[in-house]
Amino acid sequence: MKSKFFIIIVVLVVVCIILLLVAGTRSVEDEIQDLTKQSFSYKDKKPGGCYALFQVLPHLYTNEPVKVVTKPFSLTYKKNQSFANGEESLYILVTKKLYASEQDVTDMLQFAANGNQLFIAMTEPDSLLQARLAVEADTLDRGFSMPVSTQHYINPNLAPDTVFSRKGIAGGRYFTSYDTSATTILGTGIAPDSSTGRARPNFIRVAYGKGAVFLLLNPSTLTNYFLMHEPNMASLEKQLAYTYNIPTAIYWDEYYKYLNGPRGDFSEWQVLMRYPAIRWALWLVVALLLLYVLFEGKRRQRIIPEKEVLTNNSLEFVETLGQLYYQQGNNRNLAHKMVLHWTEYIRTRFYLNTTYLNQAFIDTLTRKSGLPYAEVREIVDSIHHIQLSEQINDKYLEQFYKNIHQFYQNTK
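Residues numbered from 1 in each chain as written. Predicted model: local features only at pLDDT ≥ 70, side-chain atom pairs only at ≥ 80, totals over all residues. Heavy atoms only, no water.

Looking at the overall build of the protein chain
Alright, step 1. Scanning the protein chain from N- to C-terminus turns up 16 helices and eleven strands.
Alright, step 2. The buried share among the 412 residues of the protein chain stands at 41%.
Alright, step 3. Across the protein chain, every contact between residues at least 6 apart in sequence was considered, and the portion connecting residues at least 24 apart equals 68%.
Alright, step 4. By element, 56% of the accessible surface of the protein chain is carried by carbon and sulfur atoms, the whole surface being about 24100 Å². (Helix = DSSP H or I, 4+ residues; strand = E, 2+ residues; numbered from the N terminus. Buried < 20%, exposed > 50% of the residue type's maximum accessible area, 1.4 Å probe, protein only. Contact = heavy atoms within 4.5 Å. Areas by Shrake-Rupley, 256 points an atom, 1.4 Å probe, with all protein chains shown as cover.)

Structure follows, in structure tokens:
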């Protein structure tokens, strides 16, 4: 059983190693060219990550440290008093699809109304956020049907470099309607509208209370692949030029980018399964547990049946034999057998020498047995009588048997 279990474990480990090696044979060049995967994570150095953006942020704001937020906005807003009551703070959120609860949206807008700024870059805005800000975005997901990400800034003060592009990544979406009294168009990206000839806005600022909400529908312009293409780093500077010059705090959201649906459908398990190493480790642990339950759940041997404790049948044998002698009328022989059994009992029970049944023997046996002297004396006298007599009548034999039996009962 042990050898079979060991072989199965070895085979499973070898298979896992082979799978990991096969997965790792994918060349770095092929991985770099896989531009459809955009994590927007501040730790991701791959083309779809935001590592470059996160590293540049402190230098754009006089080395202000960036605080990473890994919980829902409403939870942070509720528990962090400096976050909720602060002013002139900047909150940056980059994701493909934004799924926010009603409380999240309420707290986000309250955060802006208090005199802070929200910078949200996403391809698909949350419907609740759109309704509260009175904006609407194009619902057509072009994906990579337009494999060029272009960002144009319409502010003439940003000239002469106002157009930045990068081939190979999606161009994002655009806004179809907005509240002109509170909204300022900051940039366009997708090809002009065929009916009007005007450029379609994809980067706007919505004034809200004492602060503002920046909405960018082209998050690809914040990825490593876009920014590391010269001179696209200047595009980031122009995007963030509209924010506070010296914010009191900078927050980077690392929560919403991992949501695959509304808040109720999200779990920490989804976050763990995003990382291949953790995913393989978890599946390996599950496989090992199943093997353990399968093989170790059985008993190593059959159940050993219980055996009854052996009983001492010597007394029963003596009684049976005694009855046989008694029925034959051989009282003297029966009495001698009873004496032999009694002396054997004295030797094994009290460790006394029964060669001489004298006064010293009687005194020692009385002391060790704890019985009255008269009872012990009567048994020894009866033994002397039996050894010297030629005949033993029934009455005497019966009395001798009662005395010995009583002795046995009292010395167990």
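Here we look at the pattern of salt bridges
A side chain with one charge may pair with a side chain of the opposite charge, provided their charged atoms come close.
Alright, step 1. If you walk through the whole model with that rule in mind, you get seven salt bridges.
Alright, step 2. Arg347 is the partner of Glu344 in a salt bridge, and the nearest nitrogen-oxygen pair spans 2.7 Å. With Glu344 and Arg347 both in helix 13 (residues 331–350), this residue pair falls three residues apart, about one helical turn.
Alright, step 3. A salt bridge links Arg377 to Asp381; its shortest N-O distance comes to 3.5 Å. Of the two residues, Arg377 and Asp381 both sit in helix 15 (residues 373–388), four residues apart, roughly one turn of that helix.
Alright, step 4. The class for Arg377 is partly exposed, based on a relative accessible area of 30%.
Alright, step 5. Judged by its relative accessible area of 35%, Asp381 falls in the partly exposed class.
Alright, step 6. In this structure, a network of salt bridges that share partners links the residues Lys97, Glu124 and Arg173. (Salt bridge = Lys/Arg side-chain N within 4 Å of Asp/Glu carboxyl O.)

Section: the side chain of Ser74
Alright, step 1. Within the fold, Ser74 resides in helix 4 (residues 73–79).
Alright, step 2. Take Ser74: its relative accessible area is 14%, and that puts it in the buried class.

Examining helix 15
Since the α-helix turns once every 3.6 residues, residues separated by three or four places project in the same direction.
Alright, step 1. Along its 16 residues, helix 15 runs 23 Å from first to last C-alpha, staying within 8% of the 22 Å computed at 1.5 Å per residue.
Alright, step 2. Looking at the buried positions of helix 15, the neighbouring elements they touch are helix 13, helix 14 (359–369) and helix 16 (394–410). (Expected span 1.5 Å × (residues − 1).)

Some words on the nonpolar core
Alright, step 1. Judged by nonpolar contacts, the single largest core of 32 residues is most densely connected at Phe73, Tyr91, Leu215 and Tyr256.
Alright, step 2. The dominant element in this core, judged by the number of residues it contributes, is helix 6 (residues 102–113), at five residues.
Alright, step 3. Filtering out sequence-adjacent residues up to four positions away, Tyr256 remains in contact with Pro72, Phe73, Leu93, Thr95, Lys97, Leu98, Tyr99, Ala100, Asp104 and Met108.
Alright, step 4. With 31 residues, the next largest nonpolar core counts Phe119, Tyr153, Phe164 and Leu216 among its residues. (Core = buried A, V, L, I, M, F, W, Y, C linked by side-chain atoms within 4.5 Å.)

Topic: the side chain of Asp107
Alright, step 1. By the element assignment, Asp107 lies in helix 6.
Alright, step 2. Classification of Asp107 by relative accessible area gives buried; the value is 8%.
Alright, step 3. Once you skip the residues sitting within four places of it in the chain, Asp107 turns out to touch Phe73, Ser74 and Tyr77.

Here's the deal with helix 14
Alright, step 1. Looking at helix 14, one finds that the buried residues are Phe361, Ile362, Leu365, Thr366 and Ser369. The buried residues of helix 14 occupy an angular sector of 130° when projected down its axis, which confines them to one face.
Alright, step 2. Close packing links the buried residues of helix 14 with helix 13, helix 15 and helix 16.
Alright, step 3. Where helix 14 starts, the residue carrying a side-chain oxygen 3.3 Å from the main-chain nitrogen of Ala360 turns out to be Asn358.
Alright, step 4. Phi for Gly370, located one or two positions after helix 14, is positive at around 75°. (Arc of directions from axis to C-beta. Polar contact = N/O pair within 3.5 Å; in protein donor to acceptor, adjacent residues only side chain to side chain.)

Some words on the packing of aromatic side chains
Alright, step 1. With the rule as written, the count across this model stands at 24 aromatic pairs.
Alright, step 2. Judged by centre distance (4.7 Å) and plane angle (50°), the rings of Tyr42 and Phe54 are tilted. Placement of the pair is Tyr42 in the loop between helix 2 (28–33) and helix 3 (51–60) and Phe54 in helix 3, with a sequence separation of twelve residues.
Alright, step 3. Judged by its relative accessible area of 17%, Tyr42 is buried.
Alright, step 4. Using a relative accessible area of 13% as the deciding quantity, one classes Phe54 as buried.
Alright, step 5. On the basis of an interplanar angle of 65° and a centroid distance of 6.0 Å, the ring pair of Phe119 and Phe203 is categorised as edge-to-face. Placement of the pair is Phe119 in strand 3 (residues 117–121) and Phe203 in strand 9 (residues 200–208), with a sequence separation of 84 residues.
Alright, step 6. Judged by relative accessible area, which is 0%, Phe203 ranks as buried.
Alright, step 7. By way of ring pairs, the aromatic residues Phe73, Tyr77, Phe83, Tyr91, Phe111 and Tyr251 are connected into one cluster. (Phe/Tyr/Trp six-rings, centres within 6.5 Å; stacked < 30°, edge-to-face > 60°.)

Focus: the pairing of strand 3
Alright, step 1. Taken across its five residues, strand 3 has five buried, putting it largely inside the fold.
Alright, step 2. Burial of the side chains of strand 3 extends over both faces: Gln117, Phe119 and Ala121 are buried on one face and Leu118 and Ile120 on the other.
Alright, step 3. One ladder, built from five bridges, connects strand 2 (residues 89–94) with strand 3; its direction is parallel. When the bridges of strand 3 are listed, Leu93 appears paired with Ile120. (Pairing = 2+ DSSP bridges.)

Describing the packing of helix 13 against helix 15
Alright, step 1. Taken N-terminus to C-terminus, the directions of helix 13 and helix 15 make an angle of 135°; their axes are 10 Å apart at the nearest point. Classified by the angle their axes make, helix 13 and helix 15 are oblique. With respect to the hand of their crossing, helix 13 and helix 15 are arranged in left-handed fashion. Only Ile379, Ile383, Ile386 and Gln387 of helix 15 make contact with helix 13, whose side of the interface consists of Arg332, Ala335, His336, Val339 and Trp342.
Alright, step 2. Here the residues of the contact of helix 13 with helix 15 sort into six nonpolar, two polar and one charged. (Axes fitted to C-alpha atoms, helices over the stretch in contact; angles between N-to-C directions. Parallel < 35°, antiparallel > 145°, perpendicular 65-115°, else oblique. Left-handed = near helix turned anticlockwise from the far one by under 90°. Nonpolar A, V, L, I, M, F, W, Y, C, P; charged D, E, K, R; others polar.)

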